[in-house]
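Residue-level structure breakdown
Here is how the chains run, residue by residue.
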Amino acid sequence: MLLKTSLRSFFAHKGRMALSLIAVVLSVAFVSGTLVFSNTATATFDRLFASTASDVSVGPHSDRTADRQVGAKVRTVPVGTVQKVSALPGVKSAVGEIFVSSAVLVDPATNKTVGPTTGAPTLTGNWVETPRDSLEITSGHAPQGSGQILLDSDTVKKAGLGLGSQLRLVTATGNYDLEISGIATFKTTNPGAALAFLDTQTAQRTLLGTAAYTSVEVFGDGSRSNDALKAEAATAVGTGFDLKTAAEQKAENAKGVGSFLDFMKYAMLGFAGISLLVGGFLIINTFSMLVAQRTREIGLMRAIGGSRGQVNGSVLVEALILAVLGSTLGLFGGIGLAMLLIRLMSAVGMNLTSAGLEIGASVPIASYTVGIVITVLAAFIPARRAGRISPMSALRDHGTPAEGKANRIRAAVGLVLTAGGAALLVTAAQADKPATGGALLGLGVVLTLIGFVVIGPLLATGLIRVLGAVLPALFGPSGRLAQRNAMRNPRRTGATAAALMIGLALVIGASVFTSSYVSSTNEQIDRSVGADYIVDGGRNGLTPAMVSAAKSVKGLDHLTEQKEIAATLTLPDGTRSDTGLSAVSPAFVDDFRLPVKAGSATAITGGGVSVDEAFATAHHLSVGDRLTFDYGQGRTQSLELGLITAKGNSLFDGNLFTGIDTVAKAVPAAELPQDVVLFGKAESGVDKARTLDALQESLKAYPQLTVKDQAGYKKIIQDQINSLLYLVYGLLGLAIVVAILGVVNTLALSVVERTREIGLLRAIGLSRRQLRRMIRLESVVIAIFGAVLGTGLGLAWGITAQRVLSGKGLSTLSIPTGTIVGVLLASAAIGLLAALLPAFRAGRMNVLAAIATD
Amino acid sequence: MTTAATAVHNAPLPGAQAAPAAAARQVTKAYGAGETRVTALDSVDVDIQSGRFTAIMGPSGSGKSTLMHCLAGLDTVSSGRIWIGDTEITGLKDRQLTRLRRDKIGFIFQAFNLLPTLNALENITLPMDIAGRKPDRAWLDQVVATVGLADRLKHRPTQLSGGQQQRVAVARALAARPEIIFGDEPTGNLDSRSGAEVLTFLRRSVDELGQTIVMVTHDPVAASYADRVLFLADGVIVDEMHAPTADSVLERMRRFDGKRTS
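What you see is a predicted model, and the numbers here were worked out from it, not measured in a lab.

1. Here we look at the nonpolar core
- In this structure, A:Met501, A:Val738, B:Leu71, B:Val170 and B:Ala171 are the most contacted members of the largest nonpolar core, which totals 219 residues.
- Element by element, the count of residues in this core is highest for helix α2 (residues 14-52) of chain A, at 19 residues.
- Formed jointly, this core draws a minimum of three residues from each of two domains, domain 1 (1-57 + 240-402) and domain 3 (456-529 + 711-854) of chain A.
- When neighbours within four sequence positions are excluded, A:Val738 is seen to be in contact with A:Ala23, A:Leu26, A:Ser275, A:Val278, A:Gly279, A:Leu282 and A:Ala499.
- With 66 residues, the next largest nonpolar core counts A:Leu169, A:Ile180, A:Ile534 and A:Tyr702 among its residues.

2. A few points about helix α13 (residues 434-467) of chain A
- Between its terminal C-alpha atoms α13(A) stretches only 38 Å, short of the 50 Å expected from 34 residues at 1.5 Å a residue.
- Taking the largest bend as the criterion, α13(A) deviates by roughly 55°, centred on A:Gly456, and proline A:Pro457 comes between one and four positions later.

3. Observations regarding unusual backbone geometry
Residues and elements named next belong to chain B.
- Unlike most non-glycine residues, Asp234 shows phi in positive territory, near 50°.
- Its location among the elements puts Asp234 in the loop between β9 (228-233) and β10 (236-242).
- Since 15 C-beta atoms lie within 10 Å of it, Asp234 is described here as partly exposed.

4. Things to note about the packing of helix α14 (residues 470-488) of chain A against helix α23 (residues 768-804) of chain A
Residue and element names in this part refer to chain A.
- With their axes 8 Å apart at the nearest point, α14 and α23 run at an angle of 65° to one another. Looking at the two axes, α14 sits roughly perpendicular to α23. Regarding α14 and α23, the two cross each other, and that crossing is right-handed. Contacts between α14 and α23 involve Leu471, Phe475, Pro477, Ser478, Gly479, Leu481, Ala482, Gln483, Asn485 and Ala486 on the former and, on the latter, Gln770, Arg773, Met774, Leu777, Glu778, Val781 and Ile782.
- Looking at side-chain class alone, the contact of α14 with α23 contains ten nonpolar, five polar and two charged residues.

5. Notes on the sheet that holds strand β2 (residues 38-48) of chain B
Residue and element names in this part refer to chain B.
- Judged by pairing direction, the sheet is antiparallel, and its four strands sit side by side in the order β2-β1-β4-β5 without closing on themselves. Edge positions in the open sheet fall to β2 and β5 (87-88), since each of these has one partner strand only.
- Both strand β1 (residues 22-31) and β2 contribute to a ladder of seven bridges, which runs antiparallel. The residue bridging Lys29 from the neighbouring strand is Leu41, located in β2.

6. Observations regarding the sheet that holds β10(B)
Residue and element names in this part refer to chain B.
- Taken together, the six strands give an open sheet; going across it, the order is β6-β7-β8-β3-β9-β10, and neighbouring strands pair in mixed fashion. The outermost strands of the open sheet, each flanked by one partner alone, are β6 (105-108) and β10. Neighbour-to-neighbour, the strand axes of the sheet open up by a mean angle of 20°, direction not taken into account.
- Bridge count between β6 and strand β7 (residues 180-184): four bridges; the pairing is parallel. When the sheet's bridge partners are listed, Ile108 is paired in β7 with Gly183.
- Taken strand by strand, helix α6 (residues 162-175) contacts β6 and β7, and its axis lies near 175° from that of β6.

Rules used in this analysis
Residues numbered from 1 in each chain as written. Chains lettered and ligands numbered in written order. Predicted model: local features only at pLDDT ≥ 70, side-chain atom pairs only at ≥ 80, totals over all residues. Core = buried A, V, L, I, M, F, W, Y, C linked by C-beta atoms within 7 Å. Buried ≥ 20, exposed ≤ 12 C-beta atoms within 10 Å, placed from the backbone. Helix = DSSP H or I, 4+ residues; strand = E, 2+ residues; numbered from the N terminus. Domains from an automatic or database assignment. Contact = placed C-beta atoms within 7 Å. Expected span 1.5 Å × (residues − 1). Bend = angle between axes of the 7 residues up to and from the residue. Axes fitted to C-alpha atoms, helices over the stretch in contact; angles between N-to-C directions. Parallel < 35°, antiparallel > 145°, perpendicular 65-115°, else oblique. Left-handed = near helix turned anticlockwise from the far one by under 90°. Nonpolar A, V, L, I, M, F, W, Y, C, P; charged D, E, K, R; others polar. Pairing = 2+ DSSP bridges.

Here it is as structure tokens:
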């Protein structure tokens with residue numbers, strides 16, 4: 001009986017349910033899409049690694065410290081290792097392989113790098129046949145001799161190359177001109193990397209500079225287990241090697257891919273979270289309105305003996321129907337979304353389509369759980385309200401449902417939460433330690449958000465009175481009616497605006513943060529950088545050939561080199577920390593005005609080392625203390641602390657500086673990593689722009705390098721930060737879609753509720769145009785109300801974040817007024833957009849039907 | 001049918017020489033088609049005299065409300081012609097009809113006459129606001145004084161009694177000085193005392209302000225306030241009565257009921 005009423009009522013209101021349904025579907029689709037995608041990707045990579053890993057891989061002993069360095073020297077195993085292991089019983093074959101990620105491929109025709117520049121690496125190696133190749137040659141032939149190279153087909157296609165195309169290989173040993181002799185295709189999945197192969201001798205000469213391998217891959221004949229094979233091989237090759245079984249290789253590879261997939265996963269779950277949060281408001285609103293409209297009906301149910309629980313239950317059952325329907329559609333929507341993502345991944349080179357979708361039980365379980373929990377939870381408050389409707393309501397004549405007044409308890413709770421959150425934000429802004437400030441900020445953000453949601457209905461009346469004050473003057477009676485309508489049900493207006501508020505608060509907060517970051521960095525560059533040019537080596541560093549090319553440029557006074565040295569630091573009190581050391585050439589102190597807290601800047605090039613203020617405070621260090629650095633392989637060095645850099649400058653915070661010559665005393669020059677960055681200073685009197693051109697020209701052969709002057713460097717920082725903003729904008733876009741649905745929903749229901757009122761207005765002479773304008777203006781007022789709340793919240797968050805991080809380099813506050821104005825205008829546009837359909841429907845309403853008394 | 005036409009044309013009355021405030025000729029209104037066709041009005045001819053109070057009576061389903069809706073331009077007719085003043089409204093577009101209702105017609109409905117978001121005064125001046133006209137201050141004061149609402153102007157409809165709400169509705173209808181006011185059972189929801197109050201105001205607005213009023217009602221007492229009563233049955237004007245009293249109307253209605261059931 002209960003189910004029957006619920007079902008009937010659900011289908012009677014299917015138009016109204018549709019919008020809530022979209023919200024549920026969107027949220028669930030993101031959850032299920034994320035899971036399907038990551039399951040598929042994981043399964044695909046598992047298959048790939050399982051099919052290509054050797055039984056045992058013999059590699060050089062890796063040094064955790066040293067291998068982290070950019071431009072570190074490649075470690076190898078001697079050629080003789082192959083013989084040692086292939087002679088072992090149970091070994092079918094052993095193959096010496098070379099794979100390095102530091103080589104760069106350049107298309108000489110366009111002078112652009114070939115292969116991915118971020119994310120997956122470009123791997124260059126030797127072409128050898130093994131029992132488990134991941135590639136097979138599909139055109140041309142294997143590389144032979146010093147002039148040939150073989151490329152994977154995806155890379156060839158993306159770079160617009162073909163058989164016979166010329167390629168330049170840039171390695172630490174020099175530049176080599178090669179011709180593509182063959183193209184190979186992945187048998188299973190291309191993980192997104194570019195693969196290039198030379199013949200073994202050429203690979204050894206160009207990539208390693210020595211006759212060796214980077215690993216020896218051992219394939220067993222099946223007579224013993226991989227673990228047994230590994231143990232025997234270990235004895236045969238002796239110490240100084242790392243051996244891994246197939247399972248161990250697989251786990252290591254999966255970890256590498258996993259970190260990239262994890263990013264995608266969390267970004268998508270972020271989308272899901274936002275749409276769930278905003279969708280929740282939509283569901284609450286829909287059910288509140290349904291309950292309000294059915295007050296008489298529910299009163300009748302109670303009058304003829306329905307219990308409070310039954311009424312409550314009937315609303316929840318309706319929510320459950322919505323949830324199941326929404327989750328089901330969302331589940332399938334998610335599979336579609338995953339397919340779209342896979343298609344998208346193949347566009348960036350990761351081909352997952354060969355495997356087919358991997359769905360698994362987790363997907364439906366998660367989808368239904370998320371969909372049902374969120375919907376029923378959101379419907380709970382309206383359901384409880386329905387249960388409290390008295391049987392007397394059936395008898396009362398309700399033209400329109402009772403207009404919910406924001407009550408006092410709500411006001412008190414909202415005020416306490418908001419005030420508490422604001423207090424936390426203020427405390428956070430004044431916190432000494434960024435970590436404490438960060439925690440307070442997080443808590444403050446959550447509290448102010450909840451506080452604003454709770455207090456929203458209260459603010460609605462006051463704020464809309466102010467915001468809407470201009471409407472009657474500008475738009476006459478339509479304006480006045482719109483303003484009054486927006487104020488008549490503050491709770492509804494508040495909930496509708498809350499959806500928009502969340503999205504806008506996020507975007508404003510993020511844009512305050514990023515614009516402060518950009519202006520702080522610019523200001524710090526202006527203040528402390530004396531160098532005119534910067535040459536950034538990217539992820540592979542600068543080879544000696546590049547450095548000498550740059551040095552030969554006329555008009556340069558000097559070049560400053562910087563290397564990142566990995567080291568384990570032991571402090572006087574015995575604590576150890578893995579920390580990088582920036583080794584620089586002496587001119588560094590001329591190029592940068594290091595902010596001195598204690599000691600002297602020149603100390604770092606005179607055999608001393610520097611730390612930043614925060615590090616010194618945390619470990620109670622003072623100038624003159626001795627710090628011990630362990631560079632790995634038994635090389636250690638004790639350095640005197642000669643400089644403590646003042647905090648508040650992101651260019652230097654977190655860096656330990658010392659001289660290259662100082663480190664060279666402990667580590668042989670040949671073992672030092674390549675430079676990561678060069679700074680150039682123009683001679684006084686020369687044309688700086690012309691010198692930049694000359695510098696760029698001298699390094700033209702190396703398109704992987706970034707050669708910029710100060711202005712160009714600032715632009716790069718801005719671009720990097722902007723790419724972060726795009727993610728935030730993506731989130732906002734989704735939040736806005738759901739928020740628009742919310743506004744449409746509210747307006748559509750209001751129009752239905754006010755049928756008689758609209759009929760009356762039309763009867764006494766309100767034209768269709770005026771009526772539509774009235775509804776549009778109401779929508780705009782609600783949207784702007786949400787935008788104003790969101791902007792206020794976002795500004796508070798962003799400003800607090802800047803204050804919290806002011807000691808961490810975010811020294812300058814910058815409010816992006818352009819963005820804020822844009823956001824407010826966009827909200828008005830959203831309001832107009834959302835009102836289109838409800839206004840159209842209201843305009844088409846038959847005057848007579850509208851005023852007909854029941 | 002002929003009775004009605006003859007009644008209108010053969011009985012010249014005081015004030016009938018003036019052009020009628022509204023007129024209908026051969027107005028037919030039908031719903032549906034074929035077997036399910038229902039004729040709500042069947043070739044009705046009627047003239048509404050200017051400056052008079054006309055009541056339209058009839059049992060449920062007689063077509064009295066439909067006639068009023070058609071006369072007021074709220075509903076379209078299947079055939080026939082209707083004039084408000086010298087404007088023919090049959091065939092007008094929605095925009096023109098809306099303007100006509102706004103500028104020339106006042107309405108009083110049985111219930112839900114007022115916008116809950118506006119106070120009494122704002123409700124009264126709403127039609128002029130919509131039209132973008134300034135209310136005539138002196139006239140407005142006079143109307144407000146006539147309906148006795150001077151101290152209630154800032155109240156919202158929910159703060160007013162049912163009778164007060166209807167009086168606000170009357171004031172709204174009068175304030176814009178329409179050529180004609182249509183009332184659809186304006187006292188249908190009121191107790192007899194409040195109803196009498198409202199009807200007195202309507203009567204006075206005709207007598208003192210020279211207003212033209214057409215009122216649909218099924219209450220003989222309400223009809224007795226009118227100058228003239230038209231009786232409708234099955235979509236046809238079957239009779240009319242001048243200077244009615246409650247008793248004479250009730251008696252006529254009873255006779256008419258008997259005639260119908262016989």
